[in-house]
Amino acid sequence: MYRLSIFVLQFLILIIALTFIFTNPFIVSLDIGNLKYSFSSNLFAVVFISFLFLLYLVFYLFFQSRLSLGKYFLKNKYNKIEKGYLHFVDAMIAVANKDNKTALKSHKKMVSYLKDDPSLSLLLKSEVLKIEKKFPELNNVYEDMIKSKKTETLGYRGLMEQNLRNQDYHHAFLYGEKLFSLNPNIEKLYDTLISIAAKTKNWNQIILLSDKAFSNKIISKNDLNENKSLGFYEIAKIKYDSDIKDSLKNIMKAVDLKKNFPPFVKLHLEIIAGLNDKRKLKKLIKKYWSLNPSSLLRSIIIKILNDNDLTEIKFINEIINNNNSEEESKKLLIYFAIKNSNWDIARNNISGMIGANPSKEICYFMSDIELGENNDKQKSDAWIMRAENASIEKTWICKITNQAQDEWSTLSNSGNYNSLVWTSHKMLRQNNN
């Protein structure tokens, strides 16, 4: 409305001016060199208005033709793009069907229509080369991809996967880390990087990556604590021989993040023993047993006690003081009662644990008692035979490969990160089914 008002006002001013000129004519004189030209103001007005109209007409025709030409070129451009995308779709369908011949034909046609956008060409070429298993050429395509903002994430991912295929974990991690900085939300990228870092024993990177993943809401608080604790545990192991005090700091961080995890407890106790602090060692043994008595912790504590000459029955009773009625506490006491030839304590505590189907461990305890107390080899051998038919004992088993191992480790013997569970083969098979 405002612009219309301005236009009307300007038009009225022009009409008034022209009316005034035509109703009040005057002579206009021009001196050009030695010549003098005189003409009426009305003629000057007509010529001037005609010139403006002609100028308007020229500009109008110019811009109209330019607009039409622009529309033509734009339409032509979009037609080419549309055809290029159609050939791209045809090529991708051919790739999915592993029809390499059709894929290559469609790729060439697509390139002729989409010369200004090489990103789709690179994507398609990478898919064709994957099928043909031309990995050196594929590597070059990925290198070209990382030069463009549009395709750099695809390029880094492809290079990471290529190096993983070649088991070059160092370069795989470098490309994966770059990819993580560009887009940390790519599916399974964090898990892949954690696995690579573990294989290359880059424990500090596991801690840093976990913090970044948590800040980007990729992992939960529990996963953060789990992975960081494993990183601190492995650093503590490395530092044990060179800087035992720094080793202690790291294992305490690990234990704080994943409380009462027996392998962490084991290393913590070994470090304290290495510092020759028996008072602290005794205190920690009692603390850990009070918090979480278990068969796994029992085997760890038995070794620590034997290695540090802490096998007196009096101290064993101090350890189990808060939970002496529990089965694991009784087994701990039975073990050291047998070791110290205290047969009354051994028999009194094992009597209610035999039952109709005693475990393998109970059978071995009874074998030791019969042989040690009564020197009855026949009964001892009978208990050993019974142990062979007893229930399967738990061990560390990789939940991915179902492979068993005696000692827990961050990387299983089959090379899988944090995959070990404390169970039996039978139970694991049931869970998998």
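Everything below is about the structure printed above this text.
Residues numbered from 1 in each chain as written. Predicted model: local features only at pLDDT ≥ 70, side-chain atom pairs only at ≥ 80, totals over all residues. Heavy atoms only, no water.

Novice: Sorry, what's going on with the overall build of the protein here?
Specialist: Looking only at helices and strands, the protein features 20 helices and five strands. Taken across its 433 residues, the protein has 37% of its residues classed as buried. Across the protein, the fraction of contacts at a sequence separation of at least 24, relative to all contacts at a separation of at least 6, is 48%. As displayed, the protein offers around 26,900 Å² of accessible surface, 55% of which is attributable to carbon and sulfur atoms. (Helix = DSSP H or I, 4+ residues; strand = E, 2+ residues; numbered from the N terminus. Buried < 20%, exposed > 50% of the residue type's maximum accessible area, 1.4 Å probe, protein only. Contact = heavy atoms within 4.5 Å. Areas by Shrake-Rupley, 256 points an atom, 1.4 Å probe, with all protein chains shown as cover.)

Novice: Explain the layout of surface pockets to me, please; I cannot follow it from the model alone.
Specialist: It is the rolling of a water-molecule-sized probe over the atoms that shows where space remains empty. Taken as a whole, the largest pocket holds about 950 Å³ of empty space. Looking at the largest pocket, it is lined by 37 residues, and the ones nearest its centre are S295, L296, S299, K394 and W422. Those elements that provide at least two residues to the lining of the largest pocket are α10 (221-239), α12 (262-274), α14 (295-307), α16 (327-339), α18 (360-374) and β3 (395-398). Split by residue class, the lining of the largest pocket holds 15 nonpolar, seven polar and 15 charged. (1 Å grid on protein atoms, 1.4 Å probe; cavity = no way out; pocket = protein on both sides within 12 Å on 5 of 7 lines; lining within 4 Å. Points joined across faces, edges and corners; volume = space filled by probe spheres on them. Nonpolar A, V, L, I, M, F, W, Y, C, P; charged D, E, K, R; others polar.)

Novice: What exactly am I supposed to notice about the side chain of S210 here?
Specialist: Residue position: S210 is located in helix α9 (residues 203-215). A distance of 2.7 Å separates a polar atom in the side chain of S210 from the backbone oxygen of I206. For S210, the contacting residues outside a window of four places in its chain are Y190, I194, I219, L224, N227 and K228. (Polar contact = N/O pair within 3.5 Å; in protein donor to acceptor, adjacent residues only side chain to side chain.)

Novice: Before we go on, may I ask you to explain α9 in this structure?
Specialist: Because the α-helix completes a turn every 3.6 residues, residues three or four places apart line up on one side. Helix length check: α9 (13 residues) gives 19 Å between terminal C-alpha atoms against 18 Å at 1.5 Å per residue, within 8%. For α9, the full list of buried residues reads W203, Q205, I206, I207, L209, S210 and A213. Buried-residue contacts for α9 involve α7 (169-182), α8 (189-199) and α10. (Expected span 1.5 Å × (residues − 1).)

Novice: How do you make sense of a positive patch on the surface when you look at a structure like this?
Specialist: Taken together, the side chains of R279, K280, K283 and K287 define a basic patch exposed on the protein surface. Topologically, R279 is positioned in helix α13 (residues 278-291). (Patch = residues over 30% accessible without salt bridge, like charges linked within 9 Å, V, L, I, M, F, W, Y side chains within 5 Å. Salt bridge = Lys/Arg side-chain N within 4 Å of Asp/Glu carboxyl O. Lys, Arg positive; Asp, Glu negative; His and termini not counted. Charge placed at Lys NZ, Arg CZ, Asp CG, Glu CD.)

Novice: Even after reading the chapter, I still don't get the pattern of salt bridges, so can you show me in this structure?
Specialist: Side chains that carry opposite charge are capable of pairing whenever their charged atoms lie near each other. All told, the structure shown has 18 salt bridges when counted by the stated rule. Across the pair E328 and R298 runs a salt bridge whose closest N-O atoms are separated by 2.6 Å. One end of the pair, E328, is in helix α16; the other, R298, is in helix α14, with 30 residues separating them in the sequence. In this structure, E328 and R298 share a single accessibility class: buried. The partner of R298 in a salt bridge is E361, with the nearest N and O atoms 2.6 Å apart. Placement of R298 in helix α14 and of E361 in helix α18 is noted, with a sequence separation of 63 residues between them.

Novice: Please explain the packing of α16 against helix α17 (residues 343-350) as it appears in this structure.
Specialist: A pair of packed helices is characterised by two quantities: the angle between their axes and the separation of those axes. Following both chains from N to C, one finds α16 and α17 inclined at 155 degrees, their axes separated by 8 Å at the closest point. Judged on the interaxial angle alone, α17 and α16 are roughly antiparallel. Considering the relative orientation of α16 and α17, their crossing is left-handed. Of the residues in α17, those in contact with K330, L333, I334, A337 and I338 of α16 are W343, I345, A346, N349 and I350. Here the contact of α16 with α17 is built from residues that sort into eight nonpolar, one polar and one charged. (Axes fitted to C-alpha atoms, helices over the stretch in contact; angles between N-to-C directions. Parallel < 35°, antiparallel > 145°, perpendicular 65-115°, else oblique. Left-handed = near helix turned anticlockwise from the far one by under 90°.)

Novice: Just to check I follow, could you spell out the sheet that holds strand β5 (residues 420-423) for this structure?
Specialist: Two orientations exist for strands paired in a sheet by backbone hydrogen bonds: parallel and antiparallel. The three strands lie next to each other as β4-β3-β5, forming an open sheet whose pairing is antiparallel. Bordering the open sheet on either side are β4 (404-405) and β5, each of which pairs with just one other strand. Bridge count between β3 and β5: four bridges; the pairing is antiparallel. Bridging from a neighbouring strand, I397 pairs with V421 of β5. (Pairing = 2+ DSSP bridges.)

Novice: What exactly am I supposed to notice about a nonpolar patch on the surface here?
Specialist: Together, F48, I49, F51, L52, L55 and F59 give the surface a local cluster of nonpolar side chains, amounting to about 560 Å² of exposed area. Inspection of the secondary structure assignment puts L55 in helix α2 (residues 41-96).

Novice: Even after reading the chapter, I still don't get the packing of helix α5 (residues 135-145) against helix α6 (residues 152-165), so can you show me in this structure?
Specialist: Taken N-terminus to C-terminus, the directions of α5 and α6 make an angle of 150 degrees; their axes are 7 Å apart at the nearest point. Handedness of the crossing formed by α5 with α6: left-handed. Here α5 contributes F135, L138, N139, Y142, E143 and M145 to the contact with α6, which in turn contributes E152, L154, G155, G158, L159, Q162 and R165. The class makeup of the residues in the contact of α5 with α6 is six nonpolar, four polar and three charged.

Novice: It is not clear to me how unusual backbone geometry should be interpreted in this structure. Could you clarify?
Specialist: Trans peptide bonds make up the majority, and among non-glycine residues the majority have a negative phi. Unusually for a residue other than glycine, K188 sits at a positive phi of about 65 degrees. Here K188 is to be found in the loop between α7 and α8. The exposure class assigned to K188 is exposed, which follows from its relative accessible area of 59%. Phi is positive for N375, which is not a glycine, with a value near 55 degrees. Tracing the backbone through its elements, the reader meets N375 in the loop between α18 and α19 (377-388).

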